[in-house]
Amino acid sequence: MKNKINADVKLKQREAELDLISRVQEGLLEKKDMQEIYELIGERLRELFDAQVTGIYTFDHDTDLEHFQYLFEDGERLYPESRPLNKIRKWIIKKADTLLINENANKNIEKITGEAITPVPGTRYPKSLLFVPLVVDEIVTGCLSLQNLDREQAFRDSDVQLLMTLANSISIALENARLFNETEQRNAELAVINSVQQGLVAEMDMQGIYDLVGDRIRDLFDAQVVGISMFNQEDETEFFQYLFENGKRVYPDPRPYDKVRRRLINTQKLISIPEDSIQAVTNITGEAPKIVPGTIMPKSMVYVPLKVGDTVRGYVTLQNLDKEHAFSLSDIRLLSTLSNSMSVALENARLFNETEQRNAELAVINSVQQGLVAEMDMQGIYDLVGDRIRNLFDAQVVGINTIDNEKNIEHFQYFYEDGGRIYPESRPLDKLREHLVKTKRLLFINEGLLEKTEEITGSKVKAIPGTVMPKSILFVPMVVGDEVRGYVSLQNLDREHAFSESDVRLLSTLANSMSVALENARLFNETTRLLGITEQRATELQTVNRISQALVSQLEFDALIKLVGELMRETFRADIVYVALYDKKSDMIHFPFEYGDKNEPRKFGNGFTERIITNNEPLLINKDIADIRAQLKAKQIGRVTSSFLGVPVLIGKEPIGVISVQSTEEENRFNETDLRLLNTIAANVSVAMQNAEAYQKMRSALNDLKDAQEQLVQQEKLASLGQLTAGIAHEIKNPLNFVTNFSDLSIELIEEIQTELKEIFSSHGIENPDLIDTLGDVGMNLDKIYEHGKRADGIVKSMLQHSRGGDGKLEQTDLNAVIKEYVNLAFHGMRASKEPINVDIDLQLDKDVGEIPLVAEDFSRVILNLCNNAFDAMREKTLQGFQTPGGLEGYQPKLTIRTHKSGNTVTIEIQDNGPGIPDDIKDKILQPFFTTKKGTAGTGLGLSITNDIIKAHGGNLEVYSDESTGTRFNIHISYTG
């Protein structure tokens, strides 16, 4: 009857276990998230047990926080905030054991923790408690909890056993679900990054990029505040390009850097503040934080810098106003990736907009200059330029004034305010105009006009009669020779910061052109010169645009370099073209593209290429190249040329290569225009190379993710195989011990019986040799039983060793040191064995290998197994030599171990000069329980274990063998950075 009850209980446990696992697997198939899976498990636990409180808790060991994934009490689903681990949870983590308290809950809890337990907020104190840990890879990741609020002794042994059984199954199921969800999340992150990058490629307007990324970030993250700010490092001001808080777009005015922003710029690293934000900011700045006007202090903050080269141009921020620990590591990783993409896109957009702006400027200058050429009447020139300026700029006031320096008077040649032309009387120069004449520099005031003009003049400035005081002004002097003849002014009456740097640049250009027009004697010559420059610049910009468009379309690095070279050859029609790249680490120069000459990779020396990189300056030589080379003490490399032009390729401010075009026949082939054009192209190439590098890194990250997934699968296989092997070995070991022990005892008994019988037969004159022989046969049989029992025992021990592994944690380990230690250990173990041999050990270890990520406890078994196999093989060949007439003359066993590194891959070679492995069994040697050793010498698990450990490290094992030269095992392990 009792057996039947036990069977029923076990059946109930198994059914509940299978039901829970089935529910989790169904949740995965339906692509449920982790919270939905917790809900499935929690609801099922409530159905199975008599408990008013059912809980599923997970532990974050990095933050020492407990997260309430599921909590149900007294008919109500509760959602408590995460809290620090209390002493009960720490006890469960430390002991990794079940905690059952069925009576006197307060006292028993105090015995464990030394203090009374604090109930979860919103709950009441239980009378019976049951906690069962969730364990994954010997780490307690959480626990299941049942609590009865009304009575003691609420949980029976069967309840405890069932919940423990379910916890074991749930641990694995939840870990699988977590890994699945992490993979899904990573795929989702990559999809988001791709979608944003596609948008960035299509969007070249700067504000459009800010709005696109800002809106996308708002959709992705749990943050009431999303901000994108850019830095003006000249006046140390930040501009809020995008700021969204509590459901609405906010437009704060620019403000000076605070200490948080300075830290972001100086360290160039992200700032994450998950909790206690006021204190965290105070720790950084040394003072209480200042809140942006119109906003409130957040509880969680992340700042990610926007970097271009070695410069922080701005940052992206996420802020949650309601809760701490709002942003996970995956949130920060995704935001960092988006910020990197945004940095590249903003730099591309900036270069594009600068090119567009320059085109627009040149178009405006062209139109004005054409009018100036056609217009000889001075007032006509003022009216032409004034009207053109009004159409270009956001200014209610546009003025062109001339200055009579002898009389110290200004004349209003053109003045337009608030939609109408005004004709003020001439007036004496005020102190502001006198400052302009004295300094001969433009006057640009974008804020605080009254205060700043008062600082300049020493008195308050008065508006021109009939006008109002502006809020932003830009005065550009018209200088002829060394004298200010007048000025052009823009004024905005409504707002500060009305004029940009490009406005300043464009108005300065126009004012310069107009200054030229004021010199009638030089009008035609100057205009002709400017038109020539304009045409040349337009041609250059057209060429740059064409090349830039081609570069943007190419992301493969090698193809990009080839494209650059072909475009240079086509653009400059040069006899020799090369692209050189300098590898600072190896101090080598490589030539990924060359035309018209052949350059082998070479050490950094003293050629023209090296000089350009060293000085970080272009080099233009149009004649007498041999003489100049001698003056510069530069070495002649490659073909002799008549003209040479080379410019550095920069990443940030660091030269990383050279683009050169050369003529072998013609001197004076290149001019300053070619130099300027090649410099501009090199800048575009630099950006394109950075884009290509970023693309390669993204592809590498995808490959790393796939490798990590394969390693996880392999580790799961090893863990499952280890559990199965350990189970089988433990089951076999007990009966096997009986076989070997009793056979050994029986052998002794047979020997004693034989001795006694011989004495009895001898004393009584009895002869019965058949009985003695039979007992001898029985003894021999027992010897065989004992011998093969010991062999089986060796196999079991190997199986147990196979199931036993390290903690599975990869740590940076000195590979050469591990090899030296365990080769030496294997050698001395062989020398201490029954059949030692003399072996030469040759260690050829590459010092560049250094430290790589290894599970040292596991990997040491790889070295021991392969060395022991090599010693066994060479011992066999040595013994064959003694048994063969003539022997193996001159044979000396030798074991060679080599390491070498190529990129992020390390190769280990273990080579012996033994008898080799026959071809017909070479494919079987990695199979479990296959052995080439005779009798009871081997278990057949050594190479199988070795191969599994290597795979778990993300590596592979290759076997090369020849019966004349021996065997070589090659281990290849690739790792990340």
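The structure presented is a predicted model; accordingly, all values stated were derived computationally and were not measured. Every chain is numbered independently, its residues counted from 1 as its sequence is written. Given that this is a predicted model, residues contribute local features only at a pLDDT of at least 70 and side-chain atom pairs are listed and counted only at 80 or more, while totals for whole chains, interfaces and linings are drawn from all residues. The side-chain figures draw on all heavy atoms in the structure; neither hydrogens nor water molecules are used.

Draft legend 1. Region of the structure containing a negative patch on the surface. Residues with no salt bridge and a relative accessible area higher than 30% make up the patches, which join like charges within 9 Å and nonpolar side chains (Val, Leu, Ile, Met, Phe, Trp, Tyr) within 5 Å. In short, Shrake-Rupley with a 1.4 Å probe defines the accessible areas, and a residue's cover is counted only from the protein chains shown. Think of a salt bridge as a Lys or Arg side-chain nitrogen and an Asp or Glu carboxyl oxygen that are within 4 Å of each other. By the counting rule applied here, Lys and Arg register as positive and Asp and Glu as negative, while His and the ends of each chain are not counted. To locate a charge, take atom NZ for lysine, CZ for arginine, CG for aspartate or CD for glutamate. Residues E234, D235, D253, E447, E451, E454, E455, E496 and E501 make up a contiguous surface patch of negative charge. When residues in the negative patch are grouped by element, the largest group, 3 residues, is from helix α12 (residues 449-457). With a relative accessible area of 51%, E501 lands in the exposed category. Numbering of helices and strands starts at the N terminus; helices are DSSP runs of H or I of at least 4 residues and strands are runs of E of at least 2. Burial classes follow relative accessibility: with a 1.4 Å probe on protein chains only, a residue under 20% of its type's maximum area counts as buried, one over 50% as exposed, and anything between as partly exposed.

Draft legend 2. Main features of the sheet that holds strand β25 (residues 619-621). Should DSSP find at least two bridges between two strands, the strands are taken to pair. An order of β24-β23-β22-β27-β26-β25 is seen for the 6 strands of this open sheet, with the pairing classed as antiparallel. Of all strands in the sheet, those bounded by a partner on one side alone are β24 (602-603) and β25. Summarising the sheet, strand β26 (residues 643-651) and strand β27 (residues 654-663) pair through 9 bridges and their orientation is antiparallel. Its bridge partner being in β27, V649 is matched across the sheet by G657.

Draft legend 3. Representation of the nonpolar core within the structure. Ranked by size, the top nonpolar core spans 38 residues in total, and within it L815, F859, F871, L895 and I971 carry the most contacts. Residue assignment for this core shows that the elements contributing at least two residues are α20 (815-831), β30 (851-854), α21 (856-883), β31 (894-902), β32 (905-912), α22 (942-952) and β34 (966-974). Top element by residues in this core is α21. It accounts for 8 residues. If sequence neighbours within four positions are ignored, L815 has contacts with V849, G850, I852, L854, F859, V906 and I908. Take the buried Ala, Val, Leu, Ile, Met, Phe, Trp, Tyr and Cys residues and link them wherever side-chain atoms come within 4.5 Å; each set so joined is a nonpolar core. The contact criterion used is simple: two residues touch if any of their non-hydrogen atoms lie within 4.5 Å.

Draft legend 4. How the structure looks around the side chain of S277. Tracing the sequence through the fold places S277 in helix α8 (residues 277-285). Of note is the side chain of S277, whose polar atom sits 2.6 Å from the backbone oxygen of P298. Between N or O atoms, a polar contact is any pair within 3.5 Å; within protein, one atom must be a potential hydrogen donor and the other a potential acceptor, and residues adjacent in sequence are included only when both atoms are from side chains.

Draft legend 5. Local environment of the pattern of salt bridges. Counting across every chain of the model gives 31 salt bridges. Measuring nitrogen to oxygen at the nearest pair gives 3.7 Å for the salt bridge that ties R156 to D159. Residue class for R156 comes out exposed when judged on its relative accessible area of 53%. We classify D159 as buried; its relative accessible area is 11%.

Draft legend 6. Molecular detail of unusual backbone geometry. For A96, which is not glycine, the phi dihedral falls at a positive 55°. By the element assignment, A96 lies in the loop between α3 (87-95) and β5 (99-101). The phi angle at R573 is positive, at roughly 50°, despite the residue not being glycine. Tracing the sequence through the fold places R573 in the loop between α15 (557-572) and β22 (576-583). Relative accessible area serves as the criterion here: at 66%, R573 is assigned to the exposed category.

Draft legend 7. Focus on the sheet that holds strand β33 (residues 955-962). Spatially, β29-β31-β32-β34-β33 is the arrangement adopted by the 5 strands of the open sheet, whose pairing is mixed. Every interior strand has two partners, whereas the edge strands, β29 (840-845) and β33, have only one. Within the sheet, the average angular offset between the axes of one strand and its neighbour, ignoring direction, is 10°. Relative to β31, β29 runs parallel, the two sharing 6 bridges. Within the sheet, the bridge partner assigned to L845 lies in β31 and is T899. On the sheet, α20 packs against β29, β31 and β32 and is oriented at approximately 175° with respect to β29. Every angle, taken between N-to-C directions, lies between 0 and 180 degrees, and every axis is a line fitted to C-alpha atoms, over only the stretch in contact when it is a helix.

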